[in-house]
Amino acid sequence: MISAFLPKKIKYTGRQLTSLWAYRNFGLQGDSIVAFVGPCNIPFKLMADVEDVRGRHKIYSSLMLHFIIEHFDCDLEKAVLRQRLLAGIVKETLEGNHRLHRLRRRGDDLYDGAAKLSISVATASPVSTMIHFAINIETKHTPVKTAGLNDYKVNPRQFALKIMQAYTEEMQGVKQARCKVNWVK
């Protein structure tokens, strides 16, 4: 799995959630996890989650840490499970490195009490599955009560590197686990 932290700020609009985005834009070919910092404002026409579109849920943040993951398989259920694994990794990393023990994961979202920390979606294309997971850095002007990395004094770049390493190790571990067991007779 390839990982990269992009140093340039990128505004997330939903257009990034397209197959081969990392390859087309950054030359990262194959399964990848890419992180970057930037604002988030997703128009309804680009929202992958139809529940958000039907509910007219505005998705906006002045500054978030974004992760775009692409796996070259087309199993959406597996992508949703990976998405939830990623949410668990983010939660564990925040708790373990920053002594936070009040966070909770509900599905693919993270919360600190009533404050929402993250947004996420998993989707499929004809050639791959993709995940967008983002955690607030700032919380100004968000449409719902939120918490962010600034509240916990977390450096977004260092945090992103830890998350990408942990996710990559999990994917490698899964691959190795598949290759060490006998078939059942």
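Below is a summary of the structure that appears in this document. (Residues numbered from 1 in each chain as written. Predicted model: local features only at pLDDT ≥ 70, side-chain atom pairs only at ≥ 80, totals over all residues. Heavy atoms only, no water.)

**Some words on the pattern of salt bridges**
The full count for this structure, using the stated rule, is 6 salt bridges. Two residues, Lys 140 and Glu 138, come together in a salt bridge whose shortest N-O distance is 3.8 Å. On the accessibility criterion, Lys 140 (49% relative accessible area) is partly exposed. With a relative accessible area of 24%, Glu 138 lands in the partly exposed category. Through salt bridges with shared partners, one network takes in Asp 73, Lys 78 and Arg 82. (Salt bridge = Lys/Arg side-chain N within 4 Å of Asp/Glu carboxyl O. Buried < 20%, exposed > 50% of the residue type's maximum accessible area, 1.4 Å probe, protein only.)

**Topic: the nonpolar core**
Membership of the largest hydrophobic core comes to 33 residues, with the highest contact counts inside it found for Leu 65, Phe 67, Val 90 and Leu 94. Formed by 20 residues, the second largest nonpolar core is a distinct cluster that contains Leu 28, Cys 40, Met 47 and Ile 68. (Core = buried A, V, L, I, M, F, W, Y, C linked by side-chain atoms within 4.5 Å.)

**Points about the layout of surface pockets**
In this model, the largest pocket occupies a volume close to 690 Å³. In this structure, the largest pocket is lined by 32 residues; those nearest its centre are Asp 52, Ile 59, Lys 116, Ile 119 and Ser 120. Counting only elements with at least two residues in the lining of the largest pocket, the list comes to strand S2 (32-42), helix H2 (50-54), strand S3 (59-71), strand S7 (118-124) and strand S8 (129-136). For the lining of the largest pocket, the class distribution of residues is 14 nonpolar, 10 polar and 8 charged. Listing elements by their share of the lining of the second largest pocket, those giving two or more residues are helix H3 (76-98) and helix H4 (156-178). Per-element accounting of the lining of the second largest pocket gives the leading share, 6 residues, to H4. (1 Å grid on protein atoms, 1.4 Å probe; cavity = no way out; pocket = protein on both sides within 12 Å on 5 of 7 lines; lining within 4 Å. Points joined across faces, edges and corners; volume = space filled by probe spheres on them. Helix = DSSP H or I, 4+ residues; strand = E, 2+ residues; numbered from the N terminus. Nonpolar A, V, L, I, M, F, W, Y, C, P; charged D, E, K, R; others polar.)

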